[in-house]
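# Residue-level structural notes
Each chain is listed here by its residues.
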Amino acid sequence: WDNADFSRGVGTTFYQEFSTLNTAKPPFIRDVEAKVRRYLRSSYSAAWTLKITWEKAPVYAAWTDTRKTITYQAVLTTDGFRSYILILYQDGGMQWDYTRLPSTNVLIGYT
C-alpha cells in the first residue's frame, strides 16, 4: 500500500459488510469462498466478509497530480477460525508514477 490522498475531492472509498452466518450467500461471497478454496486448497465457508474499494485514488500528495489514480480492493473474510485477505487491482488501473514516489522499491500487494 502507499499513501492515497483524497483531500482534493478526487477518488472515493466504499465498503460493504457481509454477515453470512446462517443466511443465504450472495454471488460475491460464493466467489470469495471459491477463490479461497482454489488458491489454498482448503474447505472454506465464510461467516463474515468485508469488501473495501478505493476507486480512482490519487497518490499522496494529491496537489501534484490528481489525473493519475489507482483503483483497488481488499476483501477480508473469516469463517470464525481462519481469516484471509484478497487484494485485487483493476486491470491496467495502476496509473501512479512510481518513479516520483519518495520510495522507489514499490510492490503491488503485501509481504
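For the structure itself, look to the data block above.
Source: prediction; values computed, not measured.

## Digging into the overall build of the protein
When you go through the protein residue by residue, the secondary structure sums to one helix and four strands. Listing the helices and strands of the protein from first to last along the sequence gives β-α-β-β-β. Within the protein, buried positions represent 37% of all 111 residues. When contacts within the protein are restricted to residue pairs at least 6 apart in sequence, long-range pairs at least 24 apart make up 61% of them.

## Topic: helix H1 (residues 27–40)
Between its first and last C-alpha, H1 extends 20 Å over 14 residues, near the 20 Å set by a 1.5 Å rise per residue. Packing partners of the buried residues in H1 comprise strand S1 (12–19), strand S2 (48–58), strand S3 (69–78) and strand S4 (83–89). Directly after H1, the chain includes Arg41, whose backbone phi takes a positive value near 50°.

## Some details on the sheet that holds S3
Read across the open sheet, the four strands follow the order S1-S2-S3-S4; overall the sheet is antiparallel. Since the sheet does not close on itself, it has two edges, and those belong to S1 and S4, each with one partner. Adjacent strand axes in the sheet meet at a mean angle of 10° when their direction is disregarded. Judged from the eight bridges that link them, S1 and S2 form a sheet pairing that is antiparallel. Within S2, the residue paired with Thr13 across the bridge is Trp54.

## Considerations on the pairing of S2
A large share of S2 lies buried, amounting to eight of its 11 residues. With nine bridges connecting them, S2 and S3 associate as antiparallel partners. Bridge pairing links Leu50 to Leu76 in S3.

## Things to note about the packing of aromatic side chains
If you walk through the whole model with that rule in mind, you get four aromatic pairs. Pairwise contacts between aromatic rings join Trp54, Tyr72 and Tyr89 into one cluster. Here Arg38 stacks its cationic end above the ring of Tyr39, 4.8 Å away from the centre of that ring.

Rules and cut-offs
- Residues numbered from 1 in each chain as written.
- Predicted model: local features only at pLDDT ≥ 70, side-chain atom pairs only at ≥ 80, totals over all residues.
- Heavy atoms only, no water.
- Helix = DSSP H or I, 4+ residues; strand = E, 2+ residues; numbered from the N terminus.
- Buried < 20%, exposed > 50% of the residue type's maximum accessible area, 1.4 Å probe, protein only.
- Contact = heavy atoms within 4.5 Å.
- Expected span 1.5 Å × (residues − 1).
- Pairing = 2+ DSSP bridges.
- Axes fitted to C-alpha atoms, helices over the stretch in contact; angles between N-to-C directions.
- Phe/Tyr/Trp six-rings, centres within 6.5 Å; stacked < 30°, edge-to-face > 60°.
- Lys NZ or Arg CZ within 6 Å of the ring centre and 35° of its normal.

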